[in-house]
Amino acid sequence: MSTPDGELSPPFEIVEPVNWRAPIIFNSPHSGSVYPAEFLNASRIDLTSLRRSEDSFMDELIEGLGLRGFPVVRVHFPRSYVDVNREPYELDPRMFTGRLPSFANTRSMRVAGGLGTIPRVVGDGQEIYRERLNVDEALSRIEALYKPYHRALRRLINKAHQAFGTVVVVDCHSMPSIGVSRDEPRRPDIVIGDRYGTSCAPVLPDVVEDVMSGLGYSIGRNKPYAGGFITEHYGNPASGLHTVQLELNRAIYMDERRRERGPRFAQVGADFAALADALAEVPLGDLGPFQAAAE
């Protein structure tokens, strides 16, 4: 299986406003819905099952923010094909024929769960592939899709950081309304992930909670999602680099079974615009970079 350049051209998209309203980047890494034909042919499950891993329509909910002066990043390929919210080489050796590179992380919890950079399963635990993939196939996807995405995101972050002295990445995701475990309590409408206070200044999740709870959403923090690789990797508050992950309950804006936009879709998009406006009002001085406290 070769990387399907024609089907995934472009593999991701950055909509950058002419005039930035604030150094706030809205990113949707898991809403991609372009499934390469060779990938579908190699899968043991159908397209409907593969799409259970998608953050469907999340990119549409935030796309209008580009017109309000905020850059928007959206990935077109599905996370079940390549997951950019992982380390570059979180790979499960059981999935491949051939030897993985010595630097591959084969022991992470995400790999153990089947959700590495090249996932083994979809969101509900179903195995994706009929047979093992060649290692070269996995490495070619990482080179052709994963790495260019992160290079482009890093350039955008650096541009904002140099221009404003600080930058905020709002990593936008959606979650199933019901967890896999029956013991899990009812999920809130939005889960804010800041890696337990390490990926951003406290003012940012506070603003998200104040705005969205004021609009009628129930809010949780860091459980069951504290933020993935993007939140952890790009968040360095001491240097003025902030990331906050938002997980939106899918039942709020879509029909999960039919995978269709729900009656509240337009209102949820308007509420995200209100949130973006509120985040833009946070004084840059509150976002660092911060000097280390004296001993």
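Above this text is the structure in question.
Everything numeric in this text was worked out from a predicted model, so none of it was measured.

Parameters at a glance
Residues numbered from 1 in each chain as written. Predicted model: local features only at pLDDT ≥ 70, side-chain atom pairs only at ≥ 80, totals over all residues. Heavy atoms only, no water. Helix = DSSP H or I, 4+ residues; strand = E, 2+ residues; numbered from the N terminus. Rg over C-alpha atoms; globule rule 2.2 N^0.38 Å. Contact = heavy atoms within 4.5 Å. Areas by Shrake-Rupley, 256 points an atom, 1.4 Å probe, with all protein chains shown as cover. Lys, Arg positive; Asp, Glu negative; His and termini not counted. Charge placed at Lys NZ, Arg CZ, Asp CG, Glu CD. Phe/Tyr/Trp six-rings, centres within 6.5 Å; stacked < 30°, edge-to-face > 60°. Buried < 20%, exposed > 50% of the residue type's maximum accessible area, 1.4 Å probe, protein only. Expected span 1.5 Å × (residues − 1). Arc of directions from axis to C-beta. Axes fitted to C-alpha atoms, helices over the stretch in contact; angles between N-to-C directions. Parallel < 35°, antiparallel > 145°, perpendicular 65-115°, else oblique. Left-handed = near helix turned anticlockwise from the far one by under 90°. Nonpolar A, V, L, I, M, F, W, Y, C, P; charged D, E, K, R; others polar. Pairing = 2+ DSSP bridges. Right-handed = clockwise from strand over helix to strand, strands pointing away. Bend = angle between axes of the 7 residues up to and from the residue.

Quick look at the overall build of the chain
Within the chain, the secondary structure is distributed over nine helices and eleven strands. Relative to the globule expectation of 19 Å for 295 residues, the C-alpha radius of gyration of the chain, 19 Å, shows essentially globular dimensions. Sequence-distant contacts in the chain: of pairs separated by 6 or more residues, those separated by 24 or more amount to 80%. Of the roughly 13500 Å² of accessible surface on the chain, a fraction of 50% belongs to carbon and sulfur atoms. Taking the average location of the 33 positive side-chain charges in the chain and that of its 39 negative ones, the two points are 4 Å from each other.

Some remarks on the packing of aromatic side chains
Evaluation of the coordinates by the stated rule reveals nine aromatic pairs. Judged by centre distance (6.3 Å) and plane angle (35 degrees), the rings of W20 and F164 are tilted. Placement of W20 in the loop between β1 (12-15) and β2 (24-28) and of F164 in helix α5 (residues 135-164) is noted, with a sequence separation of 144 residues between them. Residue W20 is classed as buried on the basis of its relative accessible area, which comes to 16%. Owing to a relative accessible area of 29%, F164 belongs among the partly exposed residues under this scheme. Ring centres of Y35 and F39 lie 6.3 Å apart, and the angle between their planes is 10 degrees; on these two criteria the pair is classed as stacked. Here Y35 falls in the buried class, since its relative accessible area comes to 10%.

Looking at helix α6 (residues 203-214)
Its twelve residues give α6 an end-to-end C-alpha distance of 16 Å, which sits within 8% of 16 Å, the value for a rise of 1.5 Å per residue. Buried within α6 are the following residues: L204, P205, V207, V208, V211 and M212. All buried residues of α6 fall inside an arc of 155 degrees around its axis, so they share one side. Across α6 from its buried face, at more than 90 degrees, point the exposed residues D210 and G214.

A few points about the packing of α6 against helix α9 (residues 265-280)
The N-to-C vectors of α6 and α9 enclose an angle of 140 degrees; their axes lie 10 Å apart at closest approach. One element, α6, and the other, α9, form an angle in the oblique class. As for the relative orientation of α6 and α9, their crossing is right-handed in sense. Here α6 contributes L204, V207, V208, V211 and M212 to the contact with α9, which in turn contributes D271, A274, L275, A278 and L279. Its residues assigned to classes, the contact of α6 with α9 comprises nine nonpolar, no polar and one charged.

Remarks on the pairing of strand β7 (residues 190-193)
Side-chain alternation along β7 places I190 and I192 on one buried face and V191 and G193 on a second face that is also buried. Bridge analysis of β7 against strand β8 (residues 219-221) gives three bridges, and the strand direction is parallel. Paired with V191 across the two strands is G220, which belongs to β8. In this view, the connection linking β7 to its parallel neighbour β8 by way of α6 has right-handed handedness. In this structure, β7 lies alongside strand β9 (residues 241-249), joined through four bridges in antiparallel fashion. Directly across from V191, in β9, lies its bridge partner E247.

Focus: α5
Helix length check: α5 (30 residues) gives 42 Å between terminal C-alpha atoms against 44 Å at 1.5 Å per residue, within 8%. The largest bend along α5 measures about 35 degrees and falls at I142.

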